[in-house]
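Structure assessment
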Amino acid sequence: MKKIILNTLLLVLVANAVQAQDKFFTKTGKISFFSSTPMEDIEAHNKTTTSVIDTKSGKMEFAVLMKAFQFEKALMEEHFNENYVESAKYPKASFSGAITNLSAVDFKKDGTYKVTVKGNLTMHGVTKPVEVPGTIVVKNGAIQAASTFSVAPEDFNITIPNLVREKIAKQIKVTIDMNYEPLKS
Amino acid sequence: MKKYIVIAFIAVGLIAIVGLVLYNKPHRNTATAKSDFAVEAPALLQEFTSDEAAANQKYLDKVVAVKGKVNAIAPDEEGNINLTLDANDAMAGVICTIPKADAETAAGIKAGDEVTVKGVCTGVLMDVVLIRCVVEKGT
């Protein structure tokens, strides 16, 4: 009896391992954002984004810690965390979505593919549907994904005081750069 | 009258200097900062997975010295170093990013080594994330 249970367990594990080859992940993905105004340029970088892509369904998941965004100036980082995104209250931002034109991508063949990713972006306690363009590069069994898009702080209930409103762009440019590896289990 | 103008000028100058100093306030230097907590990697992950809210309360923005076995260490294209500490979990660990400027503290370290990494805790995704890390000497 014990052996049957053990065998079933093994079978489930193996089945999972086979299935897992469709999935690619990274824990060191990069997300940066840029705000450019005549008054001041602000940029921040986050190098510890966790993301998973399922090549079978085209689903993509991203999660990022707000406090892990690093700015050039300590004061900018402080304002970002304390006044704008309130990272103590909302420590994470996440995106959950899928590639809408999955048939255009051949994950088994090296190449560069243009994709559109549609899903929900959650930040500062607000969830908004977004649709962004991106590129997927398949090379030697690894997947690289990149995207650039804009978000408006106001869409996520982030209020910026009038005094500094001119220093922060109405549309913040976000760039995403992920190097996925096959998920081994 | 002239005296007031001079005083006004000095006051404005002082405010400008204070403003500039505040604006250019440096980042906290993890290398010289005293760590608020010293923990082992598996215990840290355990605290975050069992009660994330409480762990956030305790660790966020704090300088934490984490001891553990190096799972993986790799530089990125900009010269920053990603170091992962093993936490007795197949999927999760403690991810430490070491900025380029402190990269030499990780020189010679390879997977399997026991190290203590000091950094600012930013929370947990799957792994606990520490930024602005340095590898502590003498471990």
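Heads up: these notes are all about the structure in this document. Each chain carries its own residue numbering, running from 1 in the direction its sequence is written. Both sets of labels track the order of writing: A upward for chains, 1 upward for ligands. Selection of residues for local features in this predicted model requires a pLDDT of at least 70, selection of side-chain atom pairs for listing and counting requires 80 or more, and totals for whole chains, interfaces and linings are taken over all residues. Note that water and hydrogens are dropped before the side-chain values are worked out from all heavy atoms of the structure.

**Digging into the overall build of chain B**
For the purposes of this entry, the term helix denotes a DSSP run of H or I that reaches at least four residues, the term strand denotes a run of E that reaches at least two, and both are numbered from the N terminus. Secondary structure summary: chain B contains 3 helices and 6 strands in total. Traced from its N-terminal end to its C-terminal end, chain B shows the element sequence α-β-α-α-β-β-β-β-β. Throughout, the radius of gyration refers to the C-alpha atoms, and the reference size of a globule is 2.2 Å times the residue count to the power 0.38. Its C-alpha atoms give chain B a radius of gyration of 20 Å, clearly above 14 Å, the size a compact globule of 139 residues would have. On the principal axes, the C-alpha backbone points of chain B span a range of 75 × 35 × 25 Å. The buried label applies to any residue whose accessible area, calculated with a 1.4 Å probe on protein chains only, is under 20% of its type's maximum; exposed applies above 50%, and partly exposed to all values in between. When burial is assessed residue by residue, chain B has 41% of its 139 residues classed as buried. Across chain B, contacts joining residues at least 24 apart in sequence account for 62% of those joining residues at least 6 apart. For every accessible area listed, the method is Shrake-Rupley and the probe measures 1.4 Å; residues are considered covered only by the protein chains on display. Surface summary for chain B: the accessible area is close to 7700 Å², and the carbon and sulfur share equals 62%. The convention is simple: Lys and Arg are positive, Asp and Glu are negative, and His and the chain ends are not counted. A charged residue contributes its charge at one atom only: NZ of Lys, CZ of Arg, CG of Asp or CD of Glu. Side-chain charges in chain B split into 14 positive and 17 negative, and the spacing between the mean points of these groups amounts to 14 Å. Contacts are assigned to residue pairs with any non-hydrogen atoms lying within 4.5 Å of each other.

**Focus: the packing of aromatic side chains**
Residues and elements named next belong to chain A. To pair, rings of Phe, Tyr and Trp, with the six-membered ring standing in for Trp, must have centres within 6.5 Å; the planes then decide the type, stacked if under 30 degrees apart, edge-to-face if over 60, and tilted in the middle. Summed over all chains, the structure comprises 8 aromatic pairs over all chains. Ring geometry for Phe33 versus Phe69: centroids 5.2 Å apart, planes at 55 degrees, classification tilted. Of this pair, Phe33 sits in strand 1 (residues 23-36) while Phe69 sits in the loop between strand 3 (59-65) and strand 4 (70-71); the two residues are 36 residues apart in sequence, bridging distant segments of the chain. Accessibility assignment for this pair places Phe33 and Phe69 in one class, buried. Judged by centre distance (5.8 Å) and plane angle (70 degrees), the ring pair of Phe33 and Phe71 falls under edge-to-face. In this pair, Phe33 sits in strand 1 while Phe71 sits in strand 4, placing the two residues 38 residues apart along the sequence. Residue Phe33 is classed as buried on the basis of its relative accessible area, which comes to 13%. Counting every residue linked through ring pairs, the aromatic cluster contains Phe33, Phe69, Phe71 and Phe80. Just above the ring of Phe34 sits the side chain of Lys173; from NZ or CZ to the centre is 5.3 Å. Counting as a charge over the ring demands two things of the Lys NZ or Arg CZ atom: a distance within 6 Å of the ring centre and an angle within 35 degrees of the ring normal.

**So, the pairing of strand 8 (residues 142-151) of chain A**
Residues and elements named next belong to chain A. Here strand 8 shows a clear split, with Ile143, Ala145, Ser147, Phe149 and Val151 buried on one side and none of Ala142, Gln144, Ala146, Thr148 and Ser150 buried on the other. Across 6 bridges, the pairing between strand 7 (residues 126-139) and strand 8 is antiparallel. In the sheet register, Thr135 faces strand 8, and the bridge partner there is Ala146. Counting the residues between successive antiparallel strands, the hairpin from strand 7 to strand 8 contains 2 residues, one of them, Asn140, with a positive phi of roughly 50 degrees. Two strands are said to pair when DSSP picks up at least two bridges between them. Sheet analysis places strand 8 next to strand 9 (residues 172-182), joined by 9 bridges and oriented antiparallel. Paired with Ser150 across the bridge in strand 9 is Lys173.

Coordinates in, geometry out; function isn't part of it.
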